[in-house]
Amino acid sequence: MNLAVWLQRMAAAEGARPALYLGRKQVADYAGFHARAAAVAGWLRGQGLQPGDRVGIFMKNCPDYLIALYGIWYAGAAAVPINAKLHGKEAEFILQNSGARLVFTSPGLTEAVAATEAAVRCVDITGAGYSAALQAEPVAEPVAREPGDLAWLFYTSGTTGRPKGVMITHRMLMNMALAYFADVDQVSAGDHALYAAPMSHGAGIYAIQHVLAGAAHVCPVSGGFDEAEIFDLAAHFGRVHMFAAPTMVTRMTAEAKRLGCNGEGLRTVVYAGGPMYVADIMEAVEHFGPVFVQVYGQGECPMAITALPRHDVQDREHPRWKQRLASVGKAQSVVEVRIGTPEGEFLPAGSHGEIMVRGDAVMPGYWDNPQATEKTLINGWLMTGDMGVLDEDGYLTLQDRSKDMIITGGSNVYPREVEEVLLMHPDVREVSVVGRPHADWGEEVVAFIAGGAPDAELDELCNSRIARFKRPKAYIRIEALPKNNYGKVLKTELRKRLAEES
């Protein structure tokens, strides 16, 4: 079944329901949303696009993003969303690798693609071509697709080389959406999805269940993340849901405290996409209340591996509440989660190992990359590359990517464990722990610190909380940690800096 059927049904049943907003201004109701998407699909078919063809979206967050996305699906094509923060040359690789024949763009990004050698037609949403698409003869109904057909071609962030194209099918996204209702949160027609994080990533994927429920979709006028704008829109609309990276949550907490704002109107903030430290989420819950839910996923299993529901995030009564708060929750309904060896052999509860996932939300493979697919999918299980521990109650605690683990003197050090301790110091804003080559020990622990905490105090803090071999042997001050476009810390850049200084 084509995902776009859910929009078609909502338009038929509740066409007058508000659907798309730019800031406080309504752009379309569900009937209008459906009509524009169907027209874009008709125009795409008129350009010769066939079911299964790829169409890029290189746009900042705006209502037309969803119109283009659903238009692509209505036409039976597959969307290739590209983060608007990427350089034109990075977008060029994605467009060429995916074989996209056409890309929808927004001002500024049209020029970025035009300056490359990508053999693809740009359709700027402010130009005549897009206006013609909106006026085209609409398709009568979404083109039929099989559950295993490609819906979304998601390119990994590529922090260690060229990004890989994750093949996300209609089945995967439907399972993700239904698991959201079962394991993450409920959505009603009176809710509002607020898109402050890139729609090319988790925020855009989460549009699907909000369309199914008939909720409204609100794009900030800024086109991105602005704390004051988020608080203003939440207070105006009420019952606001949003996706946020952990770094966004910490920024929202700090700004809300500065403004004397309590986040009125925020109903649910789903945080994912990187490590959320216990001290940060405790501070956020204390300030905003029980609005937070955590999700763990990857492009290879989008937003659908585990979930830590709001009652666990806010719980302070359970004997192990802090350990659970440090976890990413329990397996979502549509997948199985195990801990295993790199060869795919299962390990018992409480063991450290690689996180493995199986189920209908897991990708069939990487686009045009059978070698990477073979390494990542073993006996039907997705080998995530993330290290973790699964306790007897089913709560999964992430440690680090397998490549980030530090081996010093034959002992394993998981950077996140050290980072959690260092963040307890009030003068540490950000921290990232990496390994540095050492002649005698193999590696030694080094911490990059954003903040003015003295070395002696950090040593004392570590000595009181963790084994001495885990304590950093050096603290390097840095103004801010390097991050990719999704807010993940680039440890590769930190290691590169260490290598250059050695």
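Please refer to the structure higher up on the page.
Residues numbered from 1 in each chain as written. Predicted model: local features only at pLDDT ≥ 70, side-chain atom pairs only at ≥ 80, totals over all residues. Heavy atoms only, no water.

Of the volumes computed, that of the second largest pocket is approximately 760 Å³. For the lining of the second largest pocket, the secondary-structure elements that each account for two or more residues are α12 (278–288), α14 (321–325), β20 (396–401) and α16 (415–422). In terms of residue count, the dominant contributor to the lining of the second largest pocket is α16 (four residues). For the lining of the second largest pocket, the per-class residue count stands at 11 nonpolar, five polar and nine charged. (1 Å grid on protein atoms, 1.4 Å probe; cavity = no way out; pocket = protein on both sides within 12 Å on 5 of 7 lines; lining within 4 Å. Points joined across faces, edges and corners; volume = space filled by probe spheres on them. Helix = DSSP H or I, 4+ residues; strand = E, 2+ residues; numbered from the N terminus. Nonpolar A, V, L, I, M, F, W, Y, C, P; charged D, E, K, R; others polar.)

Judged by how many residues are buried, strand β11 (residues 240–244) sits mostly within the fold: five of five residues are covered. Sheet topology places strand β9 (residues 192–194) next to β11; three bridges connect them, and they run parallel. Residue pairing across strands places H192 opposite V240, the latter belonging to β11. The sheet contact formed by β11 and strand β12 (residues 266–271) spans five bridges and is parallel. Residue pairing in the sheet places A244 in a bridge with Y271 of β12. (Buried < 20%, exposed > 50% of the residue type's maximum accessible area, 1.4 Å probe, protein only. Pairing = 2+ DSSP bridges.)

What follows deals with the packing of aromatic side chains. This structure, assessed with the given rule, holds 13 aromatic pairs. An angle of 65° between the planes, with centres 6.1 Å apart, marks the rings of F288 and F292 as edge-to-face. A relative accessible area of 10% places F288 in the buried class. Taking 5.3 Å as the distance between ring centres and 75° as the angle between the ring planes, the aromatic pair formed by F346 and W381 counts as edge-to-face. One end of the pair, F346, is in the loop between β16 (335–340) and β17 (352–359); the other, W381, is in strand β19 (residues 381–390), with 35 residues separating them in the sequence. Among the residues examined, W381 registers a relative accessible area of 4% and is labelled buried. Feature note: the residues Y30, F33, Y70, W73 and W152 constitute an aromatic cluster, connected by ring pairs. We note K164 situated over the ring of Y366; from NZ or CZ to the ring centre the distance is 5.2 Å. When the ring centre of F346 is taken as origin, the NZ or CZ atom of R338, which lies over that ring, is 3.8 Å away. (Phe/Tyr/Trp six-rings, centres within 6.5 Å; stacked < 30°, edge-to-face > 60°. Lys NZ or Arg CZ within 6 Å of the ring centre and 35° of its normal.)

This part is about empty space enclosed by the protein. Tallied over the full model, the rule gives one cavity of 30 Å³ or more. Its volume calculated, the largest cavity comes out at about 80 Å³. If you go around the largest cavity, the residues you meet are Y180, A193, L194, Y195, A203, Y206, H210, H241, M242, F243 and V270. Mapped by element, the contributors of at least two residues to the lining of the largest cavity are β9 and β11. Of all the elements, β11 adds the most residues to the lining of the largest cavity, at three residues.

As a further point, take the nonpolar core. Ranked by size, the top nonpolar core spans 133 residues in total, and within it F33, Y70, W73, F104, L173 and F292 carry the most contacts. Not counting the four nearest positions on each side in its chain, L173 is found in contact with L3, W73, A151, W152, I168, I205, I208 and P302. (Core = buried A, V, L, I, M, F, W, Y, C linked by side-chain atoms within 4.5 Å. Contact = heavy atoms within 4.5 Å.)

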